[in-house]
Amino acid sequence: MTSLSHPAQRRAIIETCLAMNGAGINQGASGNLSVRVEGGFLITPSSLPYDETAPEDIVEMGFDGTYVGRRRPSSEWRFHRDILKARSDVDVVLHTHSTFATALAVHGRGIPSFHYMVALAGGDSIRCAPYATFGTQELSDHALAALEGRLACLLANHGMIVLGKTLKGALALAVEVETLARQYLHAHLLGEPVILPPEEIARVAEKMRRMKYGLPPDEDAAPEDTARPRET
């Protein structure tokens, strides 16, 4: 019997998919997830509920579109393949039909910088890609364009895509994008929200970058404005 390739990654994909459903950002067999491996990527199978998915159901694909496994790959394999092929800075592609992000997407609306946390997605907006039929090359091309310089986008009349270096990071970003979508929709109940300028989002992104590496958020902060360990 041939041993299963990448067993740990297969289990982690299933656990992340179940966590997506548990977090309320996905349901049933909708959405899909892929992880880069040597020579290609692993991807969730088509039309199989995550709570019925076993490690051997996860499909291994090459960048040439060929696959190995007992299941067919997700119908959205094209944008997973194209994104991972074009974006060496990411190793995970997560797609979900979360409620609030999709509510914006069905109006063809992205998420502007109404809140500074939009910077987590890599820019001063989360774009919405034009509509195209699911599983098509046209949808993949639209998604690639909307993700240029970004780690997240919405898909018109469809859902969202987020990118990450790790499964944990991609899931966290998906939850954050859904939270931002919910906040943006609620903010509209009071009128058009105030939009932060690009230079402020760039400033926030730099502070976040420094904090990620354990540095003080402001390089030029005065000593009295910098938190310091207490002497004991």
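Residues numbered from 1 in each chain as written. Predicted model: local features only at pLDDT ≥ 70, side-chain atom pairs only at ≥ 80, totals over all residues. Heavy atoms only, no water.

Visitor: Let's hear about the overall build of the protein: which residues, and what values?
Guide: Counting secondary structure elements, the protein contains six helices and 10 strands. Relative to its length of 232 residues, the protein is compact, with a C-alpha radius of gyration of 19 Å against a globular reference of 17 Å. Across the 232 residues in the protein, those meeting the buried criterion constitute 43%. On the protein, roughly 12100 Å² of surface is accessible, and the fraction owed to carbon and sulfur atoms is 55%. Charged side chains of the protein number 23 positive and 28 negative; the gap between the two group centres comes to 3 Å. (Helix = DSSP H or I, 4+ residues; strand = E, 2+ residues; numbered from the N terminus. Rg over C-alpha atoms; globule rule 2.2 N^0.38 Å. Buried < 20%, exposed > 50% of the residue type's maximum accessible area, 1.4 Å probe, protein only. Areas by Shrake-Rupley, 256 points an atom, 1.4 Å probe, with all protein chains shown as cover. Lys, Arg positive; Asp, Glu negative; His and termini not counted. Charge placed at Lys NZ, Arg CZ, Asp CG, Glu CD.)

Visitor: Talk me through the pairing of strand 2 (residues 40–43); I want residue IDs and the actual numbers.
Guide: For a regular strand, side chains alternate in direction, first toward one face of the sheet and then toward the other. By the bridge criterion, four bridges tie strand 1 (residues 32–37) to strand 2 in an arrangement that is antiparallel. In the sheet register, Val 35 faces strand 2, and the bridge partner there is Leu 42. Here strand 1 hands over to strand 2 after two residues, with Gly 39 in that stretch at a positive phi of 85°. In this sheet, strand 3 (residues 59–62) lies alongside strand 2 in antiparallel orientation, the contact comprising four bridges. Residue pairing for strand 3: Leu 42 is matched across the bridge by Glu 60. (Pairing = 2+ DSSP bridges.)

Visitor: Explain the sheet that holds strand 10 (residues 159–164) to me, and be specific about the residues and the numbers.
Guide: Strand order in this open sheet of eight strands is 4-3-2-1-5-10-9-8, and the pairing throughout is mixed. Bordering the open sheet on either side are strand 4 (67–68) and strand 8 (128–129), each of which pairs with just one other strand. Pairing analysis gives four bridges linking strand 1 to strand 5 (residues 92–96), with the strands arranged antiparallel. Residue pairing across strands places Val 35 opposite Val 92, the latter belonging to strand 5. Packed onto the sheet, helix 1 (residues 7–22) meets strand 1, strand 2, strand 3 and strand 5 and runs at close to 155° relative to strand 1. (Contact = heavy atoms within 4.5 Å. Axes fitted to C-alpha atoms, helices over the stretch in contact; angles between N-to-C directions.)

Visitor: So what about the environment of Ile 126? Which residues, and what values?
Guide: As for its placement among the helices and strands, Ile 126 is situated in strand 7 (residues 125–126). On the accessibility criterion, Ile 126 (1% relative accessible area) is buried. Counting along the chain gives 63 residues from Ile 126 to Phe 63, while the straight-line C-alpha distance between them is 27 Å. With sequence-adjacent residues up to four places away left out, Ile 126 is seen in contact with Gly 110, Ile 111, Val 118, Ala 121, Ala 152, Cys 153, Leu 154, Val 177 and Leu 180.

Visitor: A description of the nonpolar core should follow, citing residues and the corresponding values.
Guide: If you look at the biggest cluster of nonpolar residues, it comprises 36 residues, and the most contacted ones within it are Ile 111, Ile 126, Leu 154, Val 162 and Val 177. For this core, the secondary-structure elements that each account for two or more residues are helix 1, strand 1, strand 5, helix 3 (99–105), strand 9 (152–155), strand 10 and helix 5 (167–187). The element best represented in this core is helix 5, accounting for nine residues. In this structure, Ile 111 is in contact with Leu 104, Val 118, Ser 125, Ile 126, Leu 154, Val 177, Leu 180 and Ala 181, ignoring residues within four places of it in sequence. (Core = buried A, V, L, I, M, F, W, Y, C linked by side-chain atoms within 4.5 Å.)

Visitor: Help me get a handle on the UniProt feature "domain: Class II aldolase/adducin N-terminal" (unreviewed entry) in the protein, residues and values and all.
Guide: When the UniProt feature table is mapped onto this chain, "domain: Class II aldolase/adducin N-terminal" (unreviewed entry) is found at residues 11–185. The span residues 11–185 is 33% helix and 21% strand, and its two end C-alpha atoms sit 35 Å from each other. (UniProt positions renumbered as here; feature names shortened; annotations may be inferred.)

Visitor: Could you give me a rundown of the pattern of salt bridges, with the residues and numbers involved?
Guide: On inspection of all chains with the given rule, the structure shows 10 salt bridges. The partner of Asp 82 in a salt bridge is Arg 81, with the nearest N and O atoms 2.5 Å apart. Exposure class is identical for Asp 82 and Arg 81. Each is buried. Residue Arg 87 is joined to Asp 89 by a salt bridge in which the shortest nitrogen-to-oxygen separation is 2.9 Å. (Salt bridge = Lys/Arg side-chain N within 4 Å of Asp/Glu carboxyl O.)

Visitor: With reference to specific residues and values, describe unusual backbone geometry.
Guide: Positive phi values are uncommon outside glycine, yet Ser 47 reaches one of about 60°. Mapped onto the fold, Ser 47 is located in the loop between strand 2 and strand 3. On the basis of relative accessibility, which here comes to 65%, the residue Ser 47 falls in the exposed class. Even without being a glycine, Asn 157 presents a positive backbone phi close to 55°. Following the sequence through the fold, Asn 157 ends up in the loop between strand 9 and strand 10. For Asn 157, a relative accessible area of 46% translates into the label partly exposed.

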